[in-house]
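Spelled out from the first residue to the last, the chains are:
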Amino acid sequence: MTKIACKRWTPTPFQSATQPSSVCLYFLLLQNNHVVSRTTNASLYNKVFVEQFEETPLLVAVLTYMGYGILTIFGYLRDFLRHWGMEKCHVAREREEQKDFVPLYQDFENFYTRNLYMRIRDNWNRPICSVPGAKMDLLERASKDYNWTFQHTGKLVKDVINMGSYNYLGFAENTGRCADAATESTHHYGIGVGSTRYEMGNLDIHEELEQLVARFLGVESSMAFGMGFATNSMNIPALAGKGCLILSDELNHASLVLGARLSGSIIRVFKHNNMVSLEKLLRDAIVHGQPRTRRPWKKILILVEGIYSMEGSIVRLPEVIALKKRYKAFLYLDEAHSIGALGPRGGGVVDYFALDPKDVDIMMGTFTKSFGAAGGYIGGKRELIDYLRSHSHSAIYATSMSPPVSQQIITSMKIIMGEDGTTLGVVRLRQLSENTTYFRRKLREMGFIIYGNDDSPVVPMMLYMPAKIGAFGREMLKRNIGTVVVGFPATPIIESRARFCVSAAHTRDILDTLYSIQLSEMLVWDGRRRSCI
């Protein structure tokens, strides 16, 4: 690994306010098209910011396109055989007597599902019959019609190493303080509430939870919701509307995208984690205003995530906040994957960069990952939360959060904060950080192409070719490892990948087993380096 070039970055006049002259951006161009970007900014960053992404090699890209092309040709051939009754058709189709109606099923849109996804469908939706901890048990299933339907064999695949669940701090467990507290809460409150918060579903445990979340985030007030996806999709429309502008990262989660679309605002997308692209959109918005009328925007809302779940990258939050302040915009931060997983206190990306929570206008996160529960929250100024309580569809119409779920969140959050009188939270935070560093380092040493930030517990490993998606997932399961494989359209067509999620529950023995036995057998020599391509 040799350094070819290192140059000082000089800000443009438009960037001088957000990128002071002390800023140095170093691009280290390494062998094998390996690009490591380091950002050192004495005024904005409290640490060196390092993220690694490698461009798809030209030969691999060509072969990947060829693979998809071959699958597409055979797909059209199979559709031809199905049309003439030479092959059994399993897909939903319109009845002959309904041919003059508006079609419910678009054949072209379902082409990928019929002919590509179905070939590797056995890699997803596997039934789990245990706690999704460091290890888990899977219910074995088989298919006699090439993954169109599945039958359970009645056998269990026991002690599968779990590298796919978002169990960052290991709180997904059925024993211990959290489980005991949730059980006691169930005996006291029952399972369901049967009402909304506005009617008869506002319990004292909900009030306690929201006060605890606000204290944990360092904000004035907070509000909890029963579903993480709805926290974004149902609250963004309450915060922005007609005459507003939403600037969204191109890799934002579907819940953020849906919420932005439902709001009725104008949406413009900036390149992933690219502050130059974001600033250009902000400048254009200020200069040109709304389309046709040229009136100033009522509100400019920036949507970003703390950790991007497919890339493993961390938002450049200090720079985003600097731009937000300069152009008088509002910032909506989704910390679904970063809350509890980053920062010395587990406070997310704001804690990671040692920033002031007051600089983030809307702090959103979920309880489904680091806290081993369900639901989401929004934190911020008291005026903001009071407004959402009366304007958010998710607050007014949704059923209240289940009491045992609320108790699970309260107990796990107090452990993280150290309010349980133990150091268990500190130990788990440190263990997650150590496991993340160790896992990423060992994978690179083995020759795999890894994306993202060195501190991110989301670890994407590139597979590229479509045939590798199904093959990798199946071979890993044969070796008793459960992982997530992802391909187009969830990723760019030439950037299929396996995604590992590191947990504090993983022991060093588990990770070493992963390296020494299973993963080493998956390596293929590609002519220039060992890599799973």
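Please read all numbers here as calculations on a predicted model, not as lab measurements. Residue positions are counted from 1 within each chain, in the order its sequence is given. Given that this is a predicted model, residues contribute local features only at a pLDDT of at least 70 and side-chain atom pairs are listed and counted only at 80 or more, while totals for whole chains, interfaces and linings are drawn from all residues. To obtain the side-chain values, all non-hydrogen atoms of the structure were included, while hydrogens and water were left out.

Turning to the sheet that holds strand E9 (residues 299-305), a few remarks are in order. Spatial strand order, E6-E12-E11-E10-E9-E7-E8: seven strands in an open sheet with mixed pairing. Looking at which strands have only one partner, the edges of the open sheet turn out to be strand E6 (221-225) and strand E8 (266-270). Adjacent strand axes in the sheet meet at a mean angle of 20°, parallel and antiparallel pairs treated alike. Should DSSP find at least two bridges between two strands, the strands are regarded as paired. We count a stretch as a helix when DSSP gives it H or I for four or more residues in a row; a strand needs E for two or more, and each element gets its number in order from the N terminus. Two elements, E6 and strand E12 (residues 376-380), share five bridges in a ladder whose sense is antiparallel. Note on definitions: angles span 0 to 180 degrees between N-to-C directions of axes, and those axes are lines fitted to C-alpha atoms, for helices only across the stretch in contact.

The next point concerns the pattern of salt bridges. The rule for a salt bridge is simple: a side-chain nitrogen of Lys or Arg has to be within 4 Å of a carboxyl oxygen of Asp or Glu. Counted according to the given criterion, the structure contains 24 salt bridges. Across the salt bridge formed by Asp359 and Lys325, the nearest N and O atoms sit 3.2 Å from each other. Taken as a pair, Asp359 in the loop between helix H10 (349-352) and strand E11 (362-366) and Lys325 in helix H9 (residues 317-326) lie far apart in primary sequence, 34 residues in all. Overall, the relative accessible area of 18% leaves Asp359 in the buried class. Note that Asp454 is salt-bridged to Arg444, the shortest N-O span being 3.2 Å. Each residue is placed in one exposure class: buried if its accessible area under a 1.4 Å probe, protein chains only, is under 20% of its type's maximum, exposed if it is over 50%, and partly exposed if it falls in between.

Turning our attention to the side chain of Asn115. Within the fold, Asn115 resides in helix H2 (residues 111-115). We call two residues in contact when some of their heavy atoms are within 4.5 Å. Contacts of Asn115, omitting those with residues within four sequence positions, involve Gly75, Arg78, Asp79 and Arg82.

Spatially, three strands are ordered E4-E5-E15 in an open sheet, and the strand pairing comes out mixed. In this open sheet, the two strands that pair with only one neighbour each are strand E4 (135-142) and strand E15 (481-482).

Here a cavity means grid points, on a 1 Å grid over the protein atoms only, where a 1.4 Å probe fits yet cannot get out; a pocket means an open set of points with protein on both sides within 12 Å along at least five of seven lines; lining residues are those with an atom within 4 Å of a point. Grid points are joined across faces, edges and corners, and a volume is the space filled by probe spheres set on the points. Within the structure shown, the criterion is met by one cavity of 30 Å³ or more. In this structure, the largest cavity spans a volume of roughly 100 Å³. Every residue lining the largest cavity is counted, 13 residues in all, and those nearest its centre are Arg197, Ala224, Phe225, Gly226 and Ser400. Elements with a minimum of two residues in the lining of the largest cavity: helix H4 (204-217), E6 and helix H12 (393-396). Sorting elements by how many residues they give to the lining of the largest cavity places E6 first, with three residues. Considering only residue class, the lining of the largest cavity consists of seven nonpolar, five polar and one charged. Residue classes follow a fixed rule: Ala, Val, Leu, Ile, Met, Phe, Trp, Tyr, Cys and Pro count as nonpolar, while Asp, Glu, Lys and Arg count as charged, and any other residue, Gly among them, counts as polar.

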